[in-house]
Amino acid sequence: MKTRDEAPLFHVCIIHSCPFRVKGLLVPFLFLFPGRSRKGRHGLPRAQQDALGLLQGVHRPGGQGRGLARRGQPDAVNACRPGASHVRGEAVSHEHRLTGVRAAQGLQGQEGQARVGLGHPRLLGDNHRGEHGRQGAGSQAAALNAENGYEDNLLDTAEVFGFWVIEGPKWLEEELPFKKAQLPILVTEDHKPYKMRKVRILNGAHTSMVLGAFLAGQNIVRDCMHDPVIRGYMERILQQEVIPTLTLPKAELDEFAAAVRDRFQNPYIDHALLSISLNSTSKWKARVLPSVKGYMEKYGTVPPCLAMSLAFLIAFYHCERLEDEQMIGKRGDEEYPIKDDRFVLEFYAAHKNDAPADLVHAVLTNEAMWGEDLTKLPGFEQAVRDAYVLTLEKGSY
């Protein structure tokens, strides 16, 4: 498929159930077939018809993604260390808080060279949602229908990314001939490493980056990826603090991380940082804390960027006031909503006037939030406290 200036359109068939009882991600998923398919039953190539013939399918219009066919090389970043120099680190008020992303990573990231190609764009199993519009979809639909010689009512827009993992015996690969259809579907005896990869790299990058980036003045994920400092901070987290804790081969992890960069840079998705910030407490516990503990178990020291991500969270949750269903924080002169479980909001509202060290201690010892006392992780409280104090003194960038 060629790279386009507009979001690419695909033939879509949604699959609801599988006749085999297999363990794994048995959820509805989308088969995406590029518009230039050979005309057959449903306009699908023969190998794809064979795969679809083994499953029960229904059609549903309406997609959720946008296309992108570029991949960025990893940025070069230095060690993430609190106290590194700020380039724009002017002192700010408590309202403008946040530990410097630049201080965290110690160096401006270098933009990677772009290269075309994300793999075979035929399945959407894991969709990166966002706020988006249908840019040019109508004109592309008309052109594809004219080229195909028939009107395809299943055309839709979608990301050029897909991966579906099925935990089950190897004979499923023959019974479900996804490989023959060149679909990115993996049959494995253990799906957990792949789930861990997704949660810690994709979701972990979101949760560890977006709160600091928002307080630094950004509003959508794509713009964060165009900021060399914020992108460099994210790269430092993934390459040096998350990927080393995972068990899959490094080449596979690097390839997945590259796909994550592509998805974050998607020009057709305006993924709002505030929408990602919803319920950040439970997200940090599930997505980031396991990487913190895994890193400390492996290296015997605190991962500085991940520790700083918790300082970002504490700074983001510092509120002006508590309302019925949310708290209100302040970025400069701009107010923003903070939404989480009620007990979390009430906790931060009750501690909003604490001294920095007291607030950090109260957060880390709140077992209702984390399921454990995080001050028992050697050196972690001091690392988060130092990062939070740096936030108050230097700002968020």
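Residues numbered from 1 in each chain as written. Predicted model: local features only at pLDDT ≥ 70, side-chain atom pairs only at ≥ 80, totals over all residues. Heavy atoms only, no water.

### Here we look at the packing of aromatic side chains
Counted by the stated rule, this structure contains 13 aromatic pairs. Residues tyrosine 233 and phenylalanine 312 carry aromatic rings whose centres are separated by 5.4 Å and whose planes lie at 55° to one another, so their mutual orientation is tilted. Of this pair, tyrosine 233 sits in helix H7 (residues 228-242) while phenylalanine 312 sits in helix H12 (residues 304-316), and the two are 79 residues apart along the sequence. Per residue, the accessibility class of tyrosine 233 equals that of phenylalanine 312, and both read buried. Cluster of aromatic residues (ring-pair linked, three or more members): Phe214, Phe316, Tyr317, Tyr336, Phe347 and Tyr348. The ring centre of phenylalanine 214 lies 4.0 Å from the NZ or CZ of arginine 331, which sits over that ring. (Phe/Tyr/Trp six-rings, centres within 6.5 Å; stacked < 30°, edge-to-face > 60°. Helix = DSSP H or I, 4+ residues; strand = E, 2+ residues; numbered from the N terminus. Buried < 20%, exposed > 50% of the residue type's maximum accessible area, 1.4 Å probe, protein only. Lys NZ or Arg CZ within 6 Å of the ring centre and 35° of its normal.)

### Concerning the sheet that holds strand S11 (residues 321-322)
Strands sit in the order S11-S12-S13 across an open sheet of three strands; the sheet is antiparallel. In the strand order of this sheet, the two ends are held by S11 and strand S13 (334-338), each with one partner. Bridge analysis of S11 against strand S12 (residues 327-331) gives two bridges, and the strand direction is antiparallel. Paired with arginine 321 across the two strands is isoleucine 328, which belongs to S12. (Pairing = 2+ DSSP bridges.)

### A closer look at the confidence of the model for the chain
Residues at a pLDDT of 70 or more form 65% of the chain, whose mean pLDDT is 73. The low-confidence segment residues 1-135, where pLDDT is below 50, has 415 contacts with residues more than four positions distant or belonging to other chains. (pLDDT = per-residue confidence, 0-100. Contact = heavy atoms within 4.5 Å.)

### Some words on the packing of helix H5 (residues 192-215) against H7
Packing of H5 against H7 leaves a shortest axis separation of 10 Å and a crossing angle of 140°. In terms of axis orientation, H5 runs oblique to H7. The handedness of the crossing between H5 and H7 is right-handed. Along its contact with H5, which presents Arg200, Ile201, Ala205, Ser208, Met209 and Ala213, the element H7 presents Ile230, Tyr233, Met234, Ile237, Leu238 and Val242. Looking at side-chain class alone, the contact of H5 with H7 contains 10 nonpolar, one polar and one charged residues. (Axes fitted to C-alpha atoms, helices over the stretch in contact; angles between N-to-C directions. Parallel < 35°, antiparallel > 145°, perpendicular 65-115°, else oblique. Left-handed = near helix turned anticlockwise from the far one by under 90°. Nonpolar A, V, L, I, M, F, W, Y, C, P; charged D, E, K, R; others polar.)

### A few points about the nonpolar core
Among the nonpolar cores identified, the biggest contains 76 residues, and Ile201, Trp284, Leu310, Tyr348 and Phe380 are the most heavily contacted of them. Residues within four places of tyrosine 348 in sequence aside, it is in contact with Leu313, Ile314, Tyr317, Cys319, Met327, Val363 and Met369. Listed in part, the nine residues of the second largest apolar core include Trp164, Leu176, Ala181 and Leu183. (Core = buried A, V, L, I, M, F, W, Y, C linked by side-chain atoms within 4.5 Å.)

### Remarks on the pairing of strand S9 (residues 164-167)
Here S9 shows two buried faces, one formed by Trp164 and Ile166 and the other by Val165 and Glu167. With four bridges joining them, S9 and strand S10 (residues 185-188) adopt parallel strand pairing. Its bridge partner being in S10, tryptophan 164 is matched across the sheet by isoleucine 185.

### As for the pattern of salt bridges
Within the structure shown, the criterion is met by 12 salt bridges. The shortest N-O distance in the salt bridge between arginine 236 and glutamate 241 comes to 3.6 Å. Of the two residues examined, arginine 236 and glutamate 241, each falls in the buried class. Across the salt bridge formed by glutamate 372 and lysine 293, the nearest N and O atoms sit 2.9 Å from each other. Within this pair, whereas glutamate 372 is found in the loop between helix H15 (367-370) and helix H16 (380-394), its partner lysine 293 is found in helix H11 (residues 289-299), the two being separated by 79 residues in sequence. Judged by relative accessible area, glutamate 372 falls into the partly exposed class, the value being 23%. Salt bridges sharing partners connect three or more residues here, namely Lys170, Glu173 and Lys179. (Salt bridge = Lys/Arg side-chain N within 4 Å of Asp/Glu carboxyl O.)

### Describing the packing of H7 against helix H8 (residues 250-264)
At their nearest, the axes of H7 and H8 sit 11 Å apart, and the two run at 155° to each other. Looking at the two axes, H7 sits roughly antiparallel to H8. Two packed elements cross with a definite hand, and for H7 against H8 that hand is right-handed. Where H7 abuts H8, its residues Arg231, Met234, Glu235 and Gln239 lie against Lys250, Asp254, Ala257, Arg261 and Phe264. When grouped by side-chain class, the residues that make up the contact of H7 with H8 number three nonpolar, one polar and five charged.

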